[in-house]
Amino acid sequence: MMGLAGYLVLSGLLFGLGVAGVLLRRNVVVILMCVELMLNAANLALVAFSRFLEQPDGQVLAFLIIAVAAAEAAVGLALVVQVARQRGSVDTDDLTLMRG
Amino acid sequence: MPAPLFYLLAALALLGAGFVVLHPNPVKSALALILVMFVLALIYLGLSASFLAVIQVMVYAGAVMVLFLFVLFLLNVGVESPFAVRPLRRWIAALVGTLVGLLLASLVLVRFVGPGAGPGAPGGGFGGIESTGRVLLTRYLLPFELLSVLLLAAIVGAMLATRPRWPTLKMPPELRPSGGPEGEAEAS
């Protein structure tokens, strides 16, 4: 049987990869995908805690996070589509309208 | 979940996540992310969270990733090499990502290495749709209902945000709002 630590280490590593992706990539869609990766890592930790504490609350919280992530993806991608229409690019290096 | 199976799934998930971060083609990144989500659903099954595993496949691997792929194809996004960024930013990204991952992992190892083996099989129905749904609709009823409001707001917001242009209202000119969206559309 696998202990709790294994799941949490996997969750932490996935979260770190997501952070690196957000900082590294310039395509806004890929950045959103890396945010999804981080949310999934948090969900994994919640489900693992829920299982090892034998309380269903963590699973409910993970369920709520999945729904919020779906809403976030819908609104975020809508904004990306609109930005691509207006500015012709989804590269963060080109979206410098608010740069001081 | 037996340890060898977990290590196999964890390796697959980390490999897929690395693909997401490093592959220059966004479409292949999205496909790798779908792989990661399927693997996480399998891990949820191993954690006897069967309801959440189904939801993960249906909502994440199904709906959300289809949305991502749809937008990628719609925008016809080109290939972007993650290594073509400025070297400073590349190093900062690698450093911060590694530090966050190692920090979380080491915190876990310091704090939670105690309970070595997992608990025995949980009570009947744990993680199934009945037990999860019971908690969801009693103790977490208010967040659950608020979630529907949030989803409605997201639907309306996404529809409004992707409109090519605001509807031209059949209104006499003196009644039109002066600083409204039409003025912006003309300015742009």
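Numbering of residues begins from 1 in every chain and follows the order in which that chain's sequence is written. Whichever chain is written first becomes A and whichever ligand is written first becomes 1, with later ones labelled in order. Thresholds applied to this predicted model are a pLDDT of at least 70 for local features of residues and 80 or more for the giving and counting of side-chain atom pairs; totals over whole chains, interfaces and linings are not thresholded and use all residues.

Description of the overall build of chain B
And then number 1: The way it works is that DSSP assigns letters per residue, a run of H or I at least four long becomes a helix, a run of E at least two long becomes a strand, and they are numbered from the N terminus. Counting its secondary structure elements, chain B contains 7 helices and 0 strands.
And then number 2: Going from the N terminus to the C terminus, chain B shows its helices and strands as α-α-α-α-α-α-α.
And then number 3: The buried share of chain B, taken over its 188 residues, is 26%.
And then number 4: In chain B, 52% of the contacts between residues at least 6 apart in sequence involve partners at least 24 apart. Whether a residue is buried, exposed or partly exposed is read from the other C-beta atoms within 10 Å of its own C-beta, which are placed from the backbone; 20 or more gives buried, 12 or fewer gives exposed, and intermediate counts give partly exposed. Residue pairs qualify as contacts under a 7 Å threshold applied to their C-beta atoms, which are placed from the backbone.

Remarks on the domain arrangement of chain B
And then number 1: Taken as a whole, chain B is organised into domain 1 (1-83), domain 2 (85-113) and domain 3 (128-159).
And then number 2: Just the C-alpha atoms count here: the centres of domain 2 of chain B and domain 3 of chain B sit 33 Å apart. Where each domain begins and ends is defined by an automated method or by a domain database.

Thoughts on the packing of helix H2 (residues 28-53) of chain A against helix H2 (residues 26-46) of chain B
And then number 1: Closest axis-to-axis distance for the H2(A)/H2(B) pair is 11 Å, and the angle between their directions is 10°. Taken together, the axes of H2(A) and H2(B) lie roughly parallel to each other. When H2(A) is examined against H2(B), the residues A:Val29, A:Val30, A:Met33, A:Glu36, A:Leu37, A:Asn40, A:Leu44 and A:Val47 are found in contact with a partner set consisting of B:Pro26, B:Ser29, B:Ala30, B:Leu33, B:Val36, B:Met37, B:Leu40, B:Ile43 and B:Tyr44.
And then number 2: Each residue is assigned to one class: nonpolar for Ala, Val, Leu, Ile, Met, Phe, Trp, Tyr, Cys and Pro, charged for Asp, Glu, Lys and Arg, and polar for all the others, Gly among them. For the contact of H2(A) with H2(B), the class distribution of residues is 14 nonpolar, 2 polar and 1 charged. Angular values range over 0 to 180 degrees, each being the angle between N-to-C directions of two axes fitted as lines to C-alpha atoms, with helices fitted over their stretch in contact. Each angle is binned into one of four classes, with values under 35 degrees roughly parallel, values over 145 roughly antiparallel, values of 65 to 115 roughly perpendicular, and all other values oblique.

Looking at the interface of chain A and chain B
And then number 1: Each partner contributes residues to the interface: chain A has 62 residues there, and chain B has 78 residues.
And then number 2: Within the residue set of the side of chain A that touches chain B, elements represented by two or more residues are helix H1 (4-24), H2 and helix H3 (57-87) of chain A.
And then number 3: Ranked by the residues each element gives to the side of chain A that touches chain B, the list is headed by H3(A), at 23 residues.
And then number 4: Looking at the side of chain A that touches chain B residue by residue, the class counts come to 45 nonpolar, 11 polar and 6 charged.

Side note on unusual backbone geometry
And then number 1: Phi is positive for A:Glu54, which is not a glycine, with a value near 55°.
And then number 2: Positive phi, close to 50°, is recorded for B:Ser48, a residue that is not glycine.
And then number 3: The residue B:Ser48 is located in the loop between H2 and helix H3 (50-75) in this model.
And then number 4: Judged by local crowding, B:Ser48 falls into the buried class, with 21 C-beta atoms found within 10 Å.

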